[in-house]
Amino acid sequence: MHIPDGYLSPETYIPAYAISIPLFAYGLKKLKKTLNEETLPLLSGLTAFSFLIMMLNIPIPGGTSGHAIGTAVLSLIFNPWVAFISVSLVLLIQALLFGDGGITSWPINSIAMGFIASFIAYYSYKLLSKINKNLALFFAGWSSIVASSFFIAIVLGIQPYIAHDPSGKPLFFPFDLKITVPALVFSHMLYFGVAEGIFTVLVIKFLTKNKELLRLAQNET
């Protein structure tokens, strides 16, 4: 789901940088309030795990691939702003060191897998937790990655409409919304969303057994 360089037009990534920079600056302020010698190991471990699972791209039928992101776990354990910053830094490192995602596309990837996924997970859980906590955890993970995939599908799918030559030939990403939305969203609804939901349930339940870890994380958010 990482968008590489060369897929997005300047009309897309320049405004995305303008939006993401103030979000990132505010998120850093929230992160500083959370970090201390007690919360740092847990946050570092969960962020590293997010890094790992995002590097494991799994091919699926239809010629595409995807991966889990782990954003929901970070959002629910700490808060959406901390999750946004953590995942954004993961995406930046992956782009710089591994070429997984691009620098021009970094703000879009961060908004999708960091910002949108974090807040969708957080408020989905808040909405459903009074009904059933396991269902709420699963839906938080599932909805976070599906919403992220939908945003990326829209951004990619509009490129042929906003960046083309006089003959109408796309200058950047060539496929429109009729292709990007089904290819990305349906695969994440059926495969990766389910994996993300199960992953979220298992990790949160595991951490719940260690109430001291959760107390340290949640007392600082």
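Residues numbered from 1 in each chain as written. Predicted model: local features only at pLDDT ≥ 70, side-chain atom pairs only at ≥ 80, totals over all residues. Heavy atoms only, no water.

Chemist: Run through the overall build of the protein, naming residues and quoting values.
Modeler: Across its full length, the protein carries nine helices and two strands. Computed over C-alpha atoms, the radius of gyration of the protein comes to 17 Å, within 12% of the 17 Å expected from 2.2 N^0.38 for 221 residues, which places it in the range of a compact globule. Oriented by its inertia axes, the alpha-carbon framework of the protein measures out at about 60 × 35 × 30 Å. Here the protein, with 221 residues, has 50% of them falling under the buried criterion. In the form shown here, the protein has an accessible surface area of approximately 10,700 Å², with 71% of it arising from carbon and sulfur atoms. Computing the positive centroid from 13 side-chain charges and the negative centroid from 10, the protein places the two 13 Å apart. (Helix = DSSP H or I, 4+ residues; strand = E, 2+ residues; numbered from the N terminus. Rg over C-alpha atoms; globule rule 2.2 N^0.38 Å. Buried < 20%, exposed > 50% of the residue type's maximum accessible area, 1.4 Å probe, protein only. Areas by Shrake-Rupley, 256 points an atom, 1.4 Å probe, with all protein chains shown as cover. Lys, Arg positive; Asp, Glu negative; His and termini not counted. Charge placed at Lys NZ, Arg CZ, Asp CG, Glu CD.)

Chemist: Account for the pattern of salt bridges, naming residues and giving values.
Modeler: All told, the structure shown has one salt bridge when counted by the stated rule. For Lys178, the salt bridge identified is with Asp176, shortest N-O distance 2.8 Å. (Salt bridge = Lys/Arg side-chain N within 4 Å of Asp/Glu carboxyl O.)

Chemist: For the nonpolar core, give the residues involved together with the corresponding values.
Modeler: Among the nonpolar cores identified, the biggest contains 55 residues, and Leu46, Ile77 and Phe78 are the most heavily contacted of them. Mapped onto this core, the elements with two or more residues apiece are α1 (10-34), α2 (40-55), α3 (71-77), α4 (80-98), α5 (106-128), α6 (133-157) and α8 (177-209). Counting residues per element, this core draws most heavily on α6, at ten residues. (Core = buried A, V, L, I, M, F, W, Y, C linked by side-chain atoms within 4.5 Å.)

Chemist: An account of α5 is requested, with residue identities and associated values reported.
Modeler: Compared with the 33 Å implied by 1.5 Å per residue over 23 residues, the 31 Å span of α5 between its first and last C-alpha is a close match. Within α5, the axis deviates most sharply at Ala117, by approximately 30 degrees. The buried fraction of α5 is high, at 17 of 23 residues. (Expected span 1.5 Å × (residues − 1). Bend = angle between axes of the 7 residues up to and from the residue.)

Chemist: With reference to specific residues and values, describe the side chain of His2.
Modeler: Relative to the elements of secondary structure, His2 occurs in the segment before α1. Within the local environment of His2, its side chain forms a polar contact with the side chain of Gln94, the two groups lying 2.7 Å apart. Once you skip the residues sitting within four places of it in the chain, His2 turns out to touch Met54, His67, Leu91, Gln94, Asp100, Gly101, Asn109 and Met113. (Polar contact = N/O pair within 3.5 Å; in protein donor to acceptor, adjacent residues only side chain to side chain. Contact = heavy atoms within 4.5 Å.)

Chemist: Before we move on, can you summarise the packing of aromatic side chains with the specific residues and values?
Modeler: Inspection of every chain in the model, using the stated rule, returns 16 aromatic pairs. Taken together, a centroid distance of 6.2 Å and an interplanar angle of 45 degrees make the contact between Tyr17 and Trp106 tilted. Residue Tyr17 is located in helix α1, and its partner Trp106 is located in helix α5; the two are separated by 89 residues in the primary sequence. Between Phe173 and Phe175, the aromatic rings sit 5.6 Å apart at their centres with planes inclined by 75 degrees, giving edge-to-face as the arrangement. Here Phe173 falls in the buried class, since its relative accessible area comes to 12%. (Phe/Tyr/Trp six-rings, centres within 6.5 Å; stacked < 30°, edge-to-face > 60°.)

Keep in mind these numbers describe shape, not what the thing actually does.
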